[in-house]
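# Results of the structural survey
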Amino acid sequence: MTPLRMGVACAVHDDAGHILLSLRGDLNIWNLPGGRLDLGESLEDAAIREVREETGLIIKIERAVGLYYLAGWGRLNILYAGWRLGGELLGESDETRANRYFNPDKLPNMLWPILPLDSAAGTRHLPRVITTPPHELRRVKSQLRWRWIWNLLGGRPEPRFPVFQVTAVGLVWDDDHTRVLTVPTSTGYALLRVECDGQTAPWLQLLAAARLEMTSVQTFRWVGLWEDTAQNRIELVFATTVEENQPIRDAEWSIARNVALPTRDRLYVEQVKPRYHLDPVWSLDGSSYIEENDTIVIGERT
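An account of the accompanying structure is given in this report. (Residues numbered from 1 in each chain as written. Predicted model: local features only at pLDDT ≥ 70, side-chain atom pairs only at ≥ 80, totals over all residues. Heavy atoms only, no water.)

## A closer look at the overall build of the chain
As a reminder, the rule being used: By the criteria applied, helices consist of DSSP H or I runs no shorter than four residues and strands consist of E runs no shorter than two, each listed in order from the N terminus. The globule rule is 2.2 Å times the number of residues to the power 0.38, and the radius of gyration it is compared with is taken over C-alpha atoms. With a 1.4 Å probe rolled over the protein chains alone, any residue whose accessible area is under 20% of its type maximum counts as buried; one over 50% counts as exposed, and the rest are partly exposed. By definition, residues are in contact when any of their heavy atoms lie within 4.5 Å. Here the Shrake-Rupley method, with its probe set to 1.4 Å, supplies the accessible areas, and only the displayed protein chains count as covering residues.
A tally of helices and strands in the chain yields five helices and 16 strands. Against the 2.2 N^0.38 benchmark of 19 Å for 302 residues, the chain shows a C-alpha radius of gyration of 20 Å, consistent with a compact globule. Across its three principal axes, the chain shows a C-alpha extent of roughly 60 × 45 × 40 Å. In the chain, which comprises 302 residues, the proportion classed as buried is 51%. Restricting to contacts in the chain with at least 6 residues of sequence separation, those with at least 24 account for 73%. Surface accessibility of the chain: about 14,800 Å² in total, with carbon and sulfur atoms responsible for 50%.

Rendered as structure tokens:
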């Protein structure tokens, strides 16, 4: 199984609504500050670090904007929006040739312009799959290979992408928001859950699993995040609402306030309100509570 690569990007806005972009030194294209997630690091901390390294600014994260699966890269980027807290904007850095604010209506040529546009819009949208044209994908990968060779010959070998255990969890609610779809495990019941393999977007993997249980499930919206940085574990939590009908496999409708779920799943159910499609994406720290020895068995059926 190919691990899902995890990365972050951050849209830093000034008081006029302009967005900070960096001209990458390796690809010579404008992009939002961002990069890979390091082991033992939270996603928000990674976004703050990348902005500091590339632009010199110290920022405050305001909100999570959305999820973006980069097809052809096996990578998931989490986009955050933030504002300047301190620091001085650098004209260039070790990783960038320039750093500059742009009007969202007059962005320069970019590889993935939808990211800053989503941040500027300020709306809650569905997760996105970003497809790079084949010729552009080949060109960028070739440039990155040359960068890897150059750094290796220069005595600065690039580290491999860190491996994280990433799972996607789905809350399928009935239209009254009283019942939730659960599946049997070796220890009781749990929410729908899949291990992300990097071959496709996490929400599409989850959707495929959900539709084996109930064909009326059409889409998922990203609603929350659970991180255990000590164990390098991440759970992306999604929700959807469907008309209550009969599941076609092992799943069952359970009354949300009564069903005995593992600790994390109970927390997720409590966090997801009926207006989840409008609420901000929430984040839970995996080290902030005890799991009461609950075990969530992924993919197992009794």
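## Re the pairing of strand E10 (residues 179-185)
Convention followed: A pair of strands counts as paired when DSSP detects no fewer than two bridges linking them.
Extensive coverage of E10 is indicated by the burial of six of its seven residues. Relative to strand E15 (residues 252-255), E10 runs antiparallel, the two being bridged by four bridges. Pairing of Val-180 across the sheet is with Ser-254, part of E15. Of the pairings in the sheet, the one linking E10 to strand E11 (residues 188-190) comprises three bridges and is antiparallel in character. Counted as the bridge partner of Thr-185 is Gly-188 from E11. In this structure, the hairpin formed by E10 and E11 is closed by a connection of two residues.

## Comments concerning the environment of Leu-192
Assignment of secondary structure puts Leu-192 in strand E12 (residues 192-195). Residue class for Leu-192 comes out buried when judged on its relative accessible area of 3%. Note: C-alpha distance between Leu-192 and Pro-3 (189 residues apart in sequence) is 20 Å. Non-local contacts of Leu-192, meaning those with residues more than four positions away in its chain, are made with Ala-168, Val-169, Gly-170, Val-172, Leu-181, Val-183, Leu-206, Ala-210 and Glu-213.

## As for unusual backbone geometry
Excluding glycine, residues mostly carry a negative phi; peptide bonds, for their part, are mostly trans. With a phi angle near 55°, His-177 is a residue other than glycine that sits in the positive phi range. When you line up the elements, His-177 lands in the loop between strand E9 (165-174) and E10. With a relative accessible area of 18%, His-177 lands in the buried category. Even without glycine at this site, Asn-232 takes up a positive phi of about 55°. Residue position: Asn-232 is located in the loop between strand E13 (221-228) and strand E14 (233-242).

## Observations regarding the nonpolar core
Note the following rule: We call a set of buried Ala, Val, Leu, Ile, Met, Phe, Trp, Tyr and Cys residues a nonpolar core when their side-chain atoms join them within 4.5 Å.
Membership of the largest hydrophobic core comes to 46 residues, with the highest contact counts inside it found for Met-6, Leu-76, Tyr-80, Trp-222, Leu-236 and Phe-238. Beyond its immediate chain neighbours, meaning those up to four positions away, Tyr-80 contacts Val-8, Ala-9, Cys-10, Ala-11, Leu-43, Glu-44, Ala-47, Ile-61, Arg-63, Ala-64, Val-65 and Leu-225. Leu-27, Leu-70, Leu-111 and Ile-130 belong to the second-largest nonpolar core, a separate cluster that totals 24 residues.

## Some details on the pattern of salt bridges
Should the charged atoms of two oppositely charged side chains come close, the side chains can pair. In plain terms, the rule: Salt bridges are identified by distance alone: a Lys or Arg side-chain nitrogen within 4 Å of an Asp or Glu carboxyl oxygen.
Overall, the coordinates contain 11 salt bridges when judged by the stated rule. Of the charged contacts, one joins Asp-38 and Arg-49 as a salt bridge, the two residues approaching to 3.5 Å between their closest N and O atoms. Of this pair, Asp-38 sits in the loop between strand E4 (34-36) and helix H1 (43-55) while Arg-49 sits in helix H1, placing them 11 residues apart in sequence. Looking at Asp-38, the relative accessible area reads 31%, which means it is partly exposed. A salt bridge links Arg-179 to Glu-244; its shortest N-O distance comes to 3.7 Å. Residue Arg-179 is found in strand E10, and its partner Glu-244 is found in the loop between E14 and E15; the two are separated by 65 residues along the sequence. Its relative accessible area of 29% is what places Arg-179 among the partly exposed residues. Among the charged side chains, a salt-bridge network with shared partners connects Asp-38, Glu-41, Arg-49, Glu-50 and Glu-53.

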